[in-house]
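The chain contents come next:
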Amino acid sequence: MVIDYTASWCAHCKFMEPIIKTTASKYTNVRFAKIDVDELSDVAQEFDVQVMPAFLSLRQGKEVERVVGAKKDELKKKI
């Protein structure tokens, strides 16, 4: 599972949005979720998300990878 931590005011998050949609369509075996840090700040705090966008890969509820920032190539490599 890949969780996209985002915020409505975040320009880099908006830049990454179409890339995430395309990537999710390509990797149908991976679940993608989007969390707005302003709406679910407790979840963002639980995973120590301080910068957006942040992309966390989870397996069995545990973080295995993290990409911080609008780094589309790095994100694609880690999926």
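Everything discussed here concerns the structure shown above.
Since we're looking at a predicted model, the values are computed, not measured.

What counts and how
Residues numbered from 1 in each chain as written. Predicted model: local features only at pLDDT ≥ 70, side-chain atom pairs only at ≥ 80, totals over all residues. Heavy atoms only, no water. Helix = DSSP H or I, 4+ residues; strand = E, 2+ residues; numbered from the N terminus. Rg over C-alpha atoms; globule rule 2.2 N^0.38 Å. Buried < 20%, exposed > 50% of the residue type's maximum accessible area, 1.4 Å probe, protein only. Contact = heavy atoms within 4.5 Å. Lys, Arg positive; Asp, Glu negative; His and termini not counted. Charge placed at Lys NZ, Arg CZ, Asp CG, Glu CD. Salt bridge = Lys/Arg side-chain N within 4 Å of Asp/Glu carboxyl O.

*Asks:* What exactly am I supposed to notice about the overall build of the chain here?
*Replies:* Counting its secondary structure elements, the chain contains three helices and four strands. Compactness check: the chain gives a C-alpha radius of gyration of 12 Å against a globular reference of 12 Å for 79 residues, within 12% of the reference. The C-alpha extent of the chain, read off along each of the three principal axes, is 30 × 30 × 15 Å. For the chain, with 79 residues in total, the buried portion stands at 35%. Looking at the chain alone, contacts between residues at least 24 apart form 61% of all its contacts between residues at least 6 apart. Distance between charge centres in the chain, computed from 13 positive and 12 negative side chains, equals 9 Å.

*Asks:* Quick question: what am I supposed to make of the pattern of salt bridges here?
*Replies:* Pairs may arise between side chains of opposite charge once their charged atoms sit close together. Per the counting criterion, the structure on display carries five salt bridges. Of the charged contacts in the structure, one is a salt bridge between E17 and K21, with a shortest N-O distance of 3.6 Å. On the criterion of helical spacing, the pair formed by E17 and K21 is a turn pair, its members being four residues apart in helix α1 (residues 11-26). Where R66 meets E63, a salt bridge forms, and the shortest distance between an N and an O atom there is 2.8 Å. What you see here is one network of salt bridges that share partners, running through E17, K21 and K34.

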